[in-house]
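Chain by chain, the residues:
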Amino acid sequence: MMKIKSILVSQPAPNESSPYLEIAKKEKIKIDFRPFIHVEGVDAKELRTQKIDLSQFTGIIFTSKNAVDHYFRLAEEMRFSVPDSMRYICQSEAIANYLQKHIIYRKRKISFGEKTFSDLLPLFKKFPTEKYLLPAADVLSSDVQKVLETASIDWTRATMYKTVCSDLTDVSIDDYDMLVFFSPQGVRSLGVNFPDFKQENTRIAVFGATTEQAAKDANLRVDVMAPSKESPSMTMAIEKFIRNNEK
């Protein structure tokens, strides 16, 4: 087994207190960060082709801060003044608080769940008569789809932003002993940017079952998997792998 000396994490660089930086220091390895994907918003013309009229909805379901930003960006672009009576259902308290960037929070109809999308079911039961809009990315989680189908509410999906592959032509991918992925789109970006990539001794670390499946579909060997009971975080999984590798 080759010793791990360099790792490329397919995400933006973290803050100074990141556990990645602790690993780099402790294990004396180089860890670089580079987003393999980024989000691009659709324009008003593209939204109209989806036959979406923002004025027809009395409630909005927000699953991310990206969804919040792109909804209000398009509302402004389409000269739609979001009414004070709009009901907001947010997946988490953090997303609900983020609404303050765009609206006056007080006296608005804002509700939020604990953490996962299924936590919103009691809220849909509480407010079943609204006509809901779901601002979403081009790829919708199957969990979100399932919950909304069982919720017995009137809802419409609007693709307001897309996850696209970043340009990585300046990256020397073969210089790294390990590549770390957090989404199927990140794995796809590897194939788009480096069509001649051969894994050989490069270790692949993945977070989540869908990312693992995407790696296998791309004929990549998965060497590090998170989360697990022993390693709930990616950094813990990487550290454990390095230690075992050295043994």
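Residues numbered from 1 in each chain as written. Predicted model: local features only at pLDDT ≥ 70, side-chain atom pairs only at ≥ 80, totals over all residues. Heavy atoms only, no water.

Peer 1: So what's going on with the packing of aromatic side chains? Which residues, and what values?
Peer 2: Following the criterion strictly, the structure yields 9 aromatic pairs and no others. An aromatic cluster is present here, built from F62, Y71, F72 and Y88 joined pairwise through their rings. Directly above the aromatic system of F127 lies the positively charged group of R87, at a separation of 3.6 Å from the ring centroid. Cation over ring: K131 sits above F57, and NZ or CZ is 5.5 Å from the ring centre. (Phe/Tyr/Trp six-rings, centres within 6.5 Å; stacked < 30°, edge-to-face > 60°. Lys NZ or Arg CZ within 6 Å of the ring centre and 35° of its normal.)

Peer 1: Tell me about the packing of helix α1 (residues 19–27) against helix α9 (residues 234–246), residues and numbers included.
Peer 2: Where α1 contacts α9, the axes come no closer than 9 Å and their chain directions differ by 15°. Comparing the axis directions of α1 and α9 gives the class roughly parallel. The element α1 and its partner α9 pack so that their crossing is right-handed. Within the contact between the two elements, α1 uses P19, Y20, I23, K26 and E27 and α9 uses M234, T235, I238, E239, I242, R243 and E246. For the contact of α1 with α9, the class distribution of residues is 6 nonpolar, 1 polar and 5 charged. (Axes fitted to C-alpha atoms, helices over the stretch in contact; angles between N-to-C directions. Helix = DSSP H or I, 4+ residues; strand = E, 2+ residues; numbered from the N terminus. Parallel < 35°, antiparallel > 145°, perpendicular 65-115°, else oblique. Left-handed = near helix turned anticlockwise from the far one by under 90°. Contact = heavy atoms within 4.5 Å. Nonpolar A, V, L, I, M, F, W, Y, C, P; charged D, E, K, R; others polar.)

Peer 1: Can you break down the UniProt feature "domain: Tetrapyrrole biosynthesis uroporphyrinogen III synthase" (unreviewed entry) in the protein residue by residue, with the values?
Peer 2: In the numbering used here, UniProt assigns the "domain: Tetrapyrrole biosynthesis uroporphyrinogen III synthase" (unreviewed entry) feature to residues 27–234. Annotation note: span residues 27–234, helix share 29%, strand share 25%, distance between end C-alpha atoms 16 Å. (UniProt positions renumbered as here; feature names shortened; annotations may be inferred.)

Peer 1: Break down the domain arrangement of the protein for me, with residues and values.
Peer 2: Structurally, the protein comprises domain 1 (6–36 + 167–246) and domain 2 (40–163). Measuring from the centre of the C-alpha atoms in domain 1 to the corresponding centre in domain 2 gives 32 Å. (Domains from an automatic or database assignment.)

Peer 1: Summarise the sheet that holds strand β11 (residues 224–226); cite the residues concerned and give the values.
Peer 2: Spatial ordering of the open sheet is given by β2-β1-β9-β10-β11, a layout of 5 strands whose pairing is parallel. At either margin of the open sheet sits one strand with a lone partner, and together these are β2 (30–33) and β11. On average, each strand axis in the sheet is inclined to that of its neighbour by 15°, with strand direction left out of account. Here strand β10 (residues 203–207) pairs with β11 via 3 bridges, running parallel. Across the sheet, residue A205 finds its bridge partner in β11, namely V224. Strand contacts of α9: β1 (6–9), β9 (178–181), β10 and β11, with the helix running at about 150° to β11, the strand carrying the most contacts. (Pairing = 2+ DSSP bridges.)

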